[in-house]
Amino acid sequence: MLLLISPDGVDEALDCAKAAEHLDIVDVKKPDEGSLGANYPWVIREIRDAVPADKPVSATVGDVPYKPGTVAQAALGAAVSGATYIKVGLYGCTTPEQAIEVMRGVVRAVKDYRADAFVVASGYADAHRIGCVNPLALPDIAARSGADAAMLDTAVKDGTRLFDHVPPDVCAEFVRRAHEAELLAALAGSVKAGDLGELARIKTDIVGVRGAVCEGGNRNAGRIRPHLVAAFRAEMDRLVREHTVATAAS
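Residues numbered from 1 in each chain as written. Predicted model: local features only at pLDDT ≥ 70, side-chain atom pairs only at ≥ 80, totals over all residues. Heavy atoms only, no water.

*Asks:* Can you help me understand the overall build of the protein chain in this one?
*Replies:* Each helix and strand counted, the protein chain has 10 helices and eight strands in total. Whereas a compact globule of 250 residues would reach a radius of gyration of roughly 18 Å, the protein chain reaches 17 Å, a difference of no more than 12%. For the C-alpha atoms alone, the extent of the protein chain along its principal axes is close to 45 × 40 × 35 Å. Counting across all 250 residues of the protein chain, residues that qualify as buried make up 52%. The long-range fraction of contacts in the protein chain, counting pairs at least 24 apart against all pairs at least 6 apart in sequence, stands at 68%. (Helix = DSSP H or I, 4+ residues; strand = E, 2+ residues; numbered from the N terminus. Rg over C-alpha atoms; globule rule 2.2 N^0.38 Å. Buried < 20%, exposed > 50% of the residue type's maximum accessible area, 1.4 Å probe, protein only. Contact = heavy atoms within 4.5 Å.)

*Asks:* Help me understand empty space enclosed by the protein, please; the structure alone is not making it clear to me.
*Replies:* Gaps left between atoms show up when a probe the size of a water molecule is rolled over them. Under the defined criterion, the tally for this structure stands at one cavity of 30 Å³ or more. Estimates place the volume of the largest cavity at around 40 Å³. In terms of lining, the largest cavity is formed by Leu 4, Ser 58, Tyr 85, Lys 87, Val 120, Met 151, Ala 186 and Ile 206. Here the lining of the largest cavity is composed, by residue class, of six nonpolar, one polar and one charged. (1 Å grid on protein atoms, 1.4 Å probe; cavity = no way out; pocket = protein on both sides within 12 Å on 5 of 7 lines; lining within 4 Å. Points joined across faces, edges and corners; volume = space filled by probe spheres on them. Nonpolar A, V, L, I, M, F, W, Y, C, P; charged D, E, K, R; others polar.)

*Asks:* Just checking my understanding: could you explain helix H10 (residues 226–249) for this structure?
*Replies:* At 3.6 residues per turn, the α-helix brings residues three or four places apart onto the same side. An ideal rise of 1.5 Å per residue puts 34 Å on 24 residues; H10 measures up with 35 Å between its terminal C-alpha atoms. Those residues of H10 not exposed but buried are Val 229, Phe 232, Arg 233, Met 236 and Leu 239. The inward-facing, buried residues of H10 contact strand E1 (2–5), helix H9 (196–201) and strand E8 (206–209). (Expected span 1.5 Å × (residues − 1).)

*Asks:* Explain the nonpolar core to me, please; I cannot follow it from the model alone.
*Replies:* The nonpolar side chains of a soluble globular protein tend to be buried with one another. Grouped together as the largest cluster of nonpolar side chains are 67 residues, with contacts concentrated most on Ile 5, Val 88, Leu 90, Met 103, Leu 162 and Leu 187. Sort the elements by how many residues they give to this core and helix H4 (residues 96–113) lands first, with seven residues. Ignoring anything within four residues of it in the chain, the contact list for Met 103 reads Val 88, Leu 90, Val 119, Val 120, Ala 121, Ile 141, Ser 145 and Ala 147. Core analysis: the second largest hydrophobic core is formed by 10 residues, Ile 25, Phe 118, Met 151 and Ile 206 among them. (Core = buried A, V, L, I, M, F, W, Y, C linked by side-chain atoms within 4.5 Å.)

*Asks:* Explain the pattern of salt bridges here, please?
*Replies:* Pairing is possible between side chains of opposite charge, provided their charged atoms come close. One pass over the full model with this rule turns up 25 salt bridges. One salt bridge connects Asp 112 with Arg 108, and the closest N-O pair in it is separated by 3.6 Å. Of this pair, Asp 112 and Arg 108 are both found in helix H4, four residues apart, which corresponds to roughly one turn of the helix. The same class applies to Asp 112 and to Arg 108, which are both exposed. Residues Arg 177 and Glu 173 are paired through a salt bridge, measuring 2.8 Å at the closest nitrogen-oxygen approach. With Arg 177 and Glu 173 both in helix H8 (residues 168–180), this residue pair falls four residues apart, about one helical turn. Its relative accessible area of 24% is what places Glu 173 among the partly exposed residues. (Salt bridge = Lys/Arg side-chain N within 4 Å of Asp/Glu carboxyl O.)

*Asks:* I would appreciate a short explanation of the packing of aromatic side chains in the present structure.
*Replies:* The description of two aromatic rings rests on the distance between their centres and on the angle between their planes. Scanning the model with the defined rule gives three aromatic pairs in all. Judged by centre distance (4.7 Å) and plane angle (5 degrees), the rings of Tyr 40 and Trp 42 are stacked. Residue classification places Tyr 40 among the partly exposed residues on the basis of a relative accessible area of 39%. Its relative accessible area of 45% is what places Trp 42 among the partly exposed residues. (Phe/Tyr/Trp six-rings, centres within 6.5 Å; stacked < 30°, edge-to-face > 60°.)

*Asks:* What's the story with unusual backbone geometry in this structure? I'm lost.
*Replies:* Glycine aside, the phi torsion of most residues is negative, and most peptide linkages are trans. The phi dihedral of Ser 190 falls on the positive side, at around 55 degrees, and the residue is not glycine. Note on placement: Ser 190 falls in the loop between strand E7 (184–187) and H9. A residue is classified by how much of its surface remains accessible, and Ser 190, at 24% relative accessible area, is partly exposed. A positive phi angle, close to 65 degrees, is found at Lys 203, a residue other than glycine. Tracing the backbone through its elements, the reader meets Lys 203 in the loop between H9 and E8.

*Asks:* Hey, could you run me through the pairing of strand E6 (residues 149–153) in this one?
*Replies:* Along any regular strand the residues' side chains alternate between the sheet's two faces. Among the five residues of E6, five are classified as buried, and the element is accordingly described as predominantly covered. Because side chains alternate across E6, one face comprises the buried residues Ala 149, Met 151 and Asp 153, and the other comprises Ala 150 and Leu 152, equally buried. Here five bridges tie strand E5 (residues 118–124) to E6, and the two strands are oriented parallel to one another. Its bridge partner lying in E6, Val 120 is registered against Ala 149. (Pairing = 2+ DSSP bridges.)

Written out as structure tokens, the structure is:
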């Protein structure tokens, strides 16, 4: 599994840089603008400059409305600013057809600029609370639009978590559908160390966290700390090894 960490600005990105050996992707977002809130282009550039060159930077383009042209321009802006992973939160898309239209525009805008960019169609485990597309529709949306990955997060940050809305067996189906479509499957949403065993069991490709590596486990009031990143990664790697051994023995 790959570990994606989401600092809220340049200062925290510098702390991520201190823990670079323990993470795989640095994710730029603006939490006060939503679950997948978009940060400023200059912040993306500064974070790209702050972390080691071999660590890819991802950037969210927001909890977006159903406005395909607007979203395509925002996605291109993220790519031009230095992000190689472009994440789109399909917040305002109420049907798969709307989501596919938005994502096709993003894929074209981003990949015309940089063919090796990695486009992520992101949905929400708590979709029922905001009226957007069903979580299990995301892999098909990503595949039909030409995206590279499907991701689930939580839209409402009220203390509920990924598995509170999409239990492990449904997450496993999400991952299976993504892999069947030759996509990577990413899961996030107040993920804690205690969830890592299930995430390893269902063969999640990317795990996204913030609160779990912040002081006090608080994504808003706490700050990312390198030692917490290191501890989280160590536990993740341990559980992946255990699952690999168990699978080989069965």
